[in-house]
Amino acid sequence: QQQVKQSPQSLIVQKGGISIINCAYENTAFDYFPWYQQFPGKGPALLIAIRPDVSEKKEGRFTISFNKSAKQFSLHIMDSQPGDSATYFCAASSTGGFKTIFGAGTRLFVKA
Amino acid sequence: EADIYQTPRYLVIGTGKKITLECSQTMGHDKMYWYQQDPGMELHLIHYSYGVNSTEKGDLSSESTVSRIRTEHFPLTLESARPSHTSQYLCASRVVGMQYFGPGTRLTVT
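Heads up: these notes are all about the structure in this document. (Residues numbered from 1 in each chain as written. Chains lettered and ligands numbered in written order. Predicted model: local features only at pLDDT ≥ 70, side-chain atom pairs only at ≥ 80, totals over all residues. Heavy atoms only, no water.)

### Some details on a nonpolar patch on the surface
Part 1 of the argument: Together, Ile18(A), Ile20(A) and Met78(A) line one region of the surface with nonpolar side chains, adding up to about 240 Å² of accessible area.
Part 2 of the argument: Topologically, Ile20(A) is positioned in strand 3 (residues 19–25). (Patch = residues over 30% accessible without salt bridge, like charges linked within 9 Å, V, L, I, M, F, W, Y side chains within 5 Å. Areas by Shrake-Rupley, 256 points an atom, 1.4 Å probe, with all protein chains shown as cover. Salt bridge = Lys/Arg side-chain N within 4 Å of Asp/Glu carboxyl O. Helix = DSSP H or I, 4+ residues; strand = E, 2+ residues; numbered from the N terminus.)

Next up, the structure:
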């Protein structure tokens, strides 16, 4: 019940295309759903986050779609660029809790 | 934005040596974490702390130990390094639901 399942494991997208990464969770106590971006040799960096009272959040080319009834959320990267090539982690946490549960990661490669 | 500092950034050390990986944060966050990660792979929680003098083991069994004597400081110690400890170690702190990561320490044990 604590798991966050992330797919796909890896993704290759053409420059200018849309990258889509999906995550699913079980624990309905989660109330915060962030996405992290990690470049090789760096720590993960918070990219964008959403709370379950909102169905969509957009920041620039990055959009989170959230489906509370299905317990699923996804990251869409519009107009994908080679600089977006990185590993992306979805996560879930409860505000009053201690642990953040991370997905297994998606390695995105954007072809020029 | 939180500032999380980790030193050293890279460390190559021989088997059997004792090492301490340093982590500090300047934002006064109570919750701090250590993760182990092979490059580009899953994050494995090995220790966490919810304040001074409180530490807990994480989900991944680890031969390391941690201490939390000051809010801003959360060092990780390996008493006797082994080649199986070769990995990247990431420190993080958290406020509300947001977790902030340091740059990591890349450890190689020969």
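### A look at the nonpolar core
Part 1 of the argument: Residues Phe33(A), Trp35(A), Phe73(A), Leu75(A) and Tyr88(A) are the most contacted members of the largest nonpolar core, which totals 25 residues.
Part 2 of the argument: Among the elements of the structure, strand 2 (10–14), strand 3, strand 4 (33–38), strand 5 (45–50), strand 7 (62–67), strand 8 (72–77), strand 9 (86–93) and strand 11 (106–111) of chain A are those that each provide at least two residues to this core.
Part 3 of the argument: At four residues, strand 9 of chain A tops the list of elements feeding residues into this core.
Part 4 of the argument: Setting aside anything within four residues of it in sequence, one finds Leu75(A) in contact with Ser19(A), Ile20(A), Ile21(A), Trp35(A), Leu47(A), Ile48(A), Phe62(A), Thr63(A), Ile64(A) and Tyr88(A).
Part 5 of the argument: Formed by 18 residues, the second largest nonpolar core is a distinct cluster that contains Ile13(B), Ile19(B), Leu21(B) and Tyr89(B). (Core = buried A, V, L, I, M, F, W, Y, C linked by side-chain atoms within 4.5 Å. Buried < 20%, exposed > 50% of the residue type's maximum accessible area, 1.4 Å probe, protein only. Contact = heavy atoms within 4.5 Å.)

### Details of the state of the cysteines
Part 1 of the argument: Under the criterion given, the structure shown has two disulfides over all chains.
Part 2 of the argument: In this model Cys23(A) forms its disulfide with Cys90(A); the gap between the sulfur atoms is 1.9 Å. Disulfide Cys23(A)-Cys90(A): torsion about the S-S bond near -95 degrees, hence left-handed. One end of the pair, Cys23(A), is in strand 3; the other, Cys90(A), is in strand 9, with 67 residues separating them in the sequence.
Part 3 of the argument: Under the relative-accessibility criterion, Cys23(A) is labelled buried at 3%.
Part 4 of the argument: Between the sulfur atoms of Cys23(B) and its disulfide partner Cys91(B) the distance amounts to 1.8 Å. Between Cys23(B) and Cys91(B) the sulfur-sulfur dihedral comes to about -70 degrees; the bridge is accordingly left-handed. With a gap of 68 residues between them, Cys23(B) in strand 3 (residues 19–25) and Cys91(B) in strand 9 (residues 87–95) connect regions that are remote in the sequence.
Part 5 of the argument: In this structure Cys91(B) comes out as buried when scored by relative accessible area, which is 0%. (Disulfide = S-S within 2.5 Å.)

### Some remarks on the sheet that holds strand 8 (residues 76–78) of chain B
Residues and elements named next belong to chain B.
Part 1 of the argument: What the four strands build is an open sheet, ordered 1-3-8-7; its pairing is antiparallel. Edge positions in the sheet fall to strand 1 (4–7) and strand 7 (65–66), since each has one partner strand and no second.
Part 2 of the argument: As paired strands, strand 7 and strand 8 are joined by two bridges and run antiparallel to one another. Paired with Thr65 across the two strands is Thr77, which belongs to strand 8. (Pairing = 2+ DSSP bridges.)

### Quick word on the layout of surface pockets
Part 1 of the argument: Here the largest pocket defines a volume of roughly 340 Å³.
Part 2 of the argument: Forming the walls of the largest pocket are 17 residues, and the residues nearest its centre are Ile101(A), Phe102(A), Glu42(B), Leu43(B) and Asp59(B).
Part 3 of the argument: Mapped by element, the contributors of at least two residues to the lining of the largest pocket are strand 1 (4–7) and strand 10 (100–102) of chain A together with strand 5 (44–51) of chain B.
Part 4 of the argument: Class assignment for the residues of the lining of the largest pocket results in eight nonpolar, five polar and four charged. (1 Å grid on protein atoms, 1.4 Å probe; cavity = no way out; pocket = protein on both sides within 12 Å on 5 of 7 lines; lining within 4 Å. Points joined across faces, edges and corners; volume = space filled by probe spheres on them. Nonpolar A, V, L, I, M, F, W, Y, C, P; charged D, E, K, R; others polar.)

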